[in-house]
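# A look at the structure
So you can see what is in the structure, the chains are spelled out below.
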Amino acid sequence: MNPKIEFVKKIFSRAKISYSNPPKHLEGNGFAPANIALCKYWGKRNSHLNLPEASSLSISLGNLGAKTRIRCLSAPASEDKVFLNGTEITSAHSEFKNRIIEFLDLFRGRVSDGVTDRVTDGVSDKTIYYQVETEVNIPVAAGLASSAAGFAALVKALDALYGWEFNLRELSMLARLGSGSACRSLWHGFVEWSKGLGSDGIDSHGIPLEFNWPEIRIGILIVDSTQKAISSRVAMEKTRTTSAFFESWKKKSEEDLLSLKGALRDRDFVRLGEITESNALSLHALMLTASPAIMYANEATVSLWHKLWEARKSGLNVYFTEDAGPNLKLLFLKQDIERILSIFPNCQIIAPFGD
Ligand code: PMV
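Since the model is a prediction, treat every value here as computed from it, not as a measurement.

Conventions adopted
- Residues numbered from 1 in each chain as written.
- Predicted model: local features only at pLDDT ≥ 70, side-chain atom pairs only at ≥ 80, totals over all residues.
- Heavy atoms only, no water.
- Pairing = 2+ DSSP bridges.
- Helix = DSSP H or I, 4+ residues; strand = E, 2+ residues; numbered from the N terminus.
- Axes fitted to C-alpha atoms, helices over the stretch in contact; angles between N-to-C directions.
- Contact = heavy atoms within 4.5 Å.
- Parallel < 35°, antiparallel > 145°, perpendicular 65-115°, else oblique.
- Left-handed = near helix turned anticlockwise from the far one by under 90°.
- Nonpolar A, V, L, I, M, F, W, Y, C, P; charged D, E, K, R; others polar.
- Expected span 1.5 Å × (residues − 1).
- Buried < 20%, exposed > 50% of the residue type's maximum accessible area, 1.4 Å probe, protein only.
- Arc of directions from axis to C-beta.
- Phe/Tyr/Trp six-rings, centres within 6.5 Å; stacked < 30°, edge-to-face > 60°.
- Polar contact = N/O pair within 3.5 Å; in protein donor to acceptor, adjacent residues only side chain to side chain.

With that settled, consider the sheet that holds strand E15 (residues 348–350). The sheet built from four strands is open, its strands ordered E13-E14-E12-E15 with antiparallel pairing. Each edge of the open sheet is held by one strand with a lone partner, namely strand E13 (319–322) and E15. Strand-to-strand twist in this sheet, taken as the mean axis angle between neighbours without regard to direction, amounts to 30 degrees. The sheet contacts of helix H7 (residues 269–288) involve strand E12 (216–221), E13 and strand E14 (328–333), and relative to E13 the element is tilted by about 35 degrees. Helix H8 (residues 299–313) contacts E12, E13 and E14 of the sheet and is inclined by roughly 160 degrees relative to E13.

The following block contains the structure:
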């Protein structure tokens, strides 16, 4: 059996929820925030179950994220319909669409999985097809964690459609199968993804951290919002398998996670910023040591790094992080909003804990 389906069935049976029950409602809705990792997830120990080599830590972006509505299509539907921001994706080559379909395959009845005769809308069919409508208010696939928010919102919408009532930890593990970092998007605020120790993936999920820090601001600096050239899925596997420094990255990453939690506990913003930036730079340096080298930063990104370092030299407490794309996310405090805007006028400012 497909290891993902085997895992999904295990989650259902542990939660004593029936995997084969038909949808309870006509539609289901869910919202999930995007999240930005301060300590990155990069490298899987199991690529079927998206089990990470190391734990990671993120901050969710409040009301920036994905809102998803799902409903079952009645017969004679023979495929899923996927909409993004109001437009149907019809291309069979769309990575966005194909990843959603692959994820939905884990939940619809299929004869080969021994699940038959689910009933929707009075129509008995062996396979359910869905219409999924997602609205995102962040650029898709530009390293702004839109897929994390997307899969977390989808799993919440499926939960509402079927009336499963999984708890957030279980939803986090299901979302993880769509995109690893999605397992952190089930909560607001700071979230740790505990890598887990087992090989079955049952202990690898998000854990909300009780640190509230209302003054924290995230600034989004868009350098390029087009689709990234190499997906994080492919890039992390290349890095893990070809870089001579992967083991050192893992070690540093575990140390960074502990230091970040210490900085959160002590409300030490400078330490939080320094570790966040160092973790991101180490990741991008690591990618350069992959074969062939991977580089997401472009010239505009690098000149922003320099601009930010100059600003910091002049006493402004601002730090950056960067994911699988050329865009930057700044970390600073509310008191510095005006100075930030004078240096980075195009910065989109987010209050992760609300204003
Ligand atoms: O969850 P994925 O496969 O989209 O990978 C996310 C990778 C990073 O965004 C670079 C790091 C992270 O922890 O979010």
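Here the narrative resumes.
Looking at the element boundaries, Asn279 is found in helix H7. Leaving out residues up to four positions away in the same chain, Asn279 has contacts with Leu38, Cys39, Lys40, Trp249, Lys252, Ser253 and Asp256.

With that settled, the discussion passes to the packing of helix H3 (residues 146–162) against helix H4 (residues 168–178). Packing of H3 against H4 brings their axes to within 8 Å, and their N-to-C directions diverge by 125 degrees. As summarised for this structure, H3 and H4 are arranged oblique, according to the angle between their axes. Here H3 and H4 pass one another in a crossing that is right-handed. Contact residues: H3 offers Phe151, Ala152, Val155, Lys156 and Asp159, while H4 offers Leu171, Leu174, Ala175 and Gly178. Looking at the contact of H3 with H4 residue by residue, the class counts come to six nonpolar, one polar and two charged.

Moving on: helix H1 (residues 3–14). Look at H1: 16 Å from first C-alpha to last across 12 residues, which is about the 16 Å you get at 1.5 Å a residue. For H1, the set of buried residues is Lys4, Ile5, Phe7, Val8, Ile11 and Phe12. Buried residues of H1, viewed axially, fall in a sector of 160 degrees; they line one side. Turned more than 90 degrees away from the buried face of H1, the exposed residues are Ser13 and Arg14. Those residues of H1 hidden inside the fold are in contact with helix H2 (95–104) and H4. Note on H1: the residue one or two positions beyond its end, Lys16, has a positive phi of about 55 degrees.

Enumeration according to the criterion identifies 15 aromatic pairs in this entry. Between Phe269 and Tyr319, the ring centres sit 6.0 Å apart and the planes meet at 65 degrees, which makes this aromatic pair edge-to-face. Taken together, the positions of Phe269 in helix H7 and Tyr319 in strand E13 put the pair 50 residues apart, joining distant regions of the chain. In terms of burial, Phe269 and Tyr319 fall into one category: buried.

Bringing H2 into the picture now. Those residues of H2 not exposed but buried are Lys97, Arg99, Ile100, Phe103 and Leu104. One face of H2 carries all of its buried residues, which in axial projection span an arc of 165 degrees. At its buried positions, H2 is contacted by strand E4 (56–73), strand E5 (81–84), strand E9 (129–136), H3, H4 and helix H5 (232–242). N-cap assignment for H2: the residue whose side-chain oxygen lies 3.4 Å from the backbone N of Phe96 is Ser94.

Any functional reading would require information that these geometric values do not contain.
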